[in-house]
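Examination of the molecular architecture
Chain by chain, the residues:
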Amino acid sequence: MNRSLVILLAALALGAAIFAGSYFTARHATVMCCAKPADDLDWLRTEFSLSDAEMARVRELHEGYLPKCAAMCAKIAAKKSELESVLGTGTNLTAEAQTKLKEIGELRAQCQAQMLQHFITVSQAMPPDQGQRYLAEMKRRTLGTNELMEQSMSGETGHEHHH
Amino acid sequence: MGGGQKSAAFQLMKENNFQPDDSQLSALLRESRGMPALPPRFQQNVWRRIEDAEASVRPAAWLDSLAALILRPRFAVAVASVLLLAGILSGTLEGWQVARHDAQVNYLAAVAPQAAR
């Protein structure tokens, strides 16, 4: 093989190795350094540039909300297990099962309302522009998942039902 | 004595007969050389061969000059530094985005469990 071509290929391989090595090392170091899974609120501080005072208020709201959220989740889980026991191994949807489904739906609605109220309260503890951004992001993240599913089922995204 | 007379006579003859612009003499000399006839399209063929030779040499020359450039220590160090810096910058940016996404997922998991969505 031509000597110049060998030099060129070796230089390309060396260059790629230098870039890849520095890229993966820096990426790993940054993920290790910046990811703090111990604190759930770390994202809020960095994303919305909150001051210590704002952060303290948000933390207070967050800690007040968590037990309510956990209680609501426990209620939903209990109602779901009731539904499963009512459904059992039967092949018919009984009136009791329908009642359980309705109750689960109501609990979910209450839970979502409580969650949205928490987001609104937290957004008010932030500077106005950041608060609006936070609220929009939270709505998109939490309510958007159901909307996507409903849109796909109703055929708005191009999906069609075939009976 | 006789040799000296001969030489003087030759010198006299040369001065009288030699004329540099003698066209008849030039034509005679040209004819006496007996040049063969050129093949048809001789000039075009010559130029084509020159072009072909240059074309086959060009890529190798380009590769050689690039290899020579790569082997220059200053150039090699500069390129390696740029690649290293670009790798560090893009890796840091990507790592920061991954960390940001993870932190966001942690927050969402805390305030909006899957059951509530």
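Residues numbered from 1 in each chain as written. Chains lettered and ligands numbered in written order. Predicted model: local features only at pLDDT ≥ 70, side-chain atom pairs only at ≥ 80, totals over all residues.

Moving on to the interface of chain B and chain A. Taken together, the contacts link 34 residues of chain B with 44 residues of chain A. Secondary structure elements with two or more residues in the side of chain B that touches chain A: α3 (42-70) and α4 (73-111) of chain B. In terms of residue class, the side of chain B that touches chain A is made up of 23 nonpolar, 7 polar and 4 charged. (Contact = placed C-beta atoms within 7 Å. Helix = DSSP H or I, 4+ residues; strand = E, 2+ residues; numbered from the N terminus. Nonpolar A, V, L, I, M, F, W, Y, C, P; charged D, E, K, R; others polar.)

Here we take up the environment of Arg 59 of chain A. Looking at the secondary structure, you find Arg 59 of chain A in helix α3 (residues 52-87). Considered as a pair, Arg 59 of chain A and Leu 41 of chain A are 18 residues apart in the sequence and their alpha carbons are 7.4 Å apart.

Bringing the packing of α3 of chain A against helix α4 (residues 95-124) of chain A into the picture now. Geometrically, a packed helix pair is captured by the angle between its two axes and the distance between the axes. Residues and elements named next belong to chain A. Between α3 and α4, whose axes approach to 9 Å, the crossing angle comes to 170°. Comparing the axis directions of α3 and α4 gives the class roughly antiparallel. For the contact of α3 with α4, the per-class residue count stands at 14 nonpolar, 4 polar and 9 charged. (Axes fitted to C-alpha atoms, helices over the stretch in contact; angles between N-to-C directions. Parallel < 35°, antiparallel > 145°, perpendicular 65-115°, else oblique.)

Moving on, we come to unusual backbone geometry. We note that Ser 49 of chain A has phi near 45°; this positive angle belongs to a residue other than glycine. Relative to the assigned elements, Ser 49 of chain A resides in the loop between α2 (42-47) and α3. A count of 11 C-beta atoms within 10 Å places Ser 49 of chain A in the exposed class. We note that Arg 41 of chain B has phi near 55°; this positive angle belongs to a residue other than glycine. (Buried ≥ 20, exposed ≤ 12 C-beta atoms within 10 Å, placed from the backbone.)

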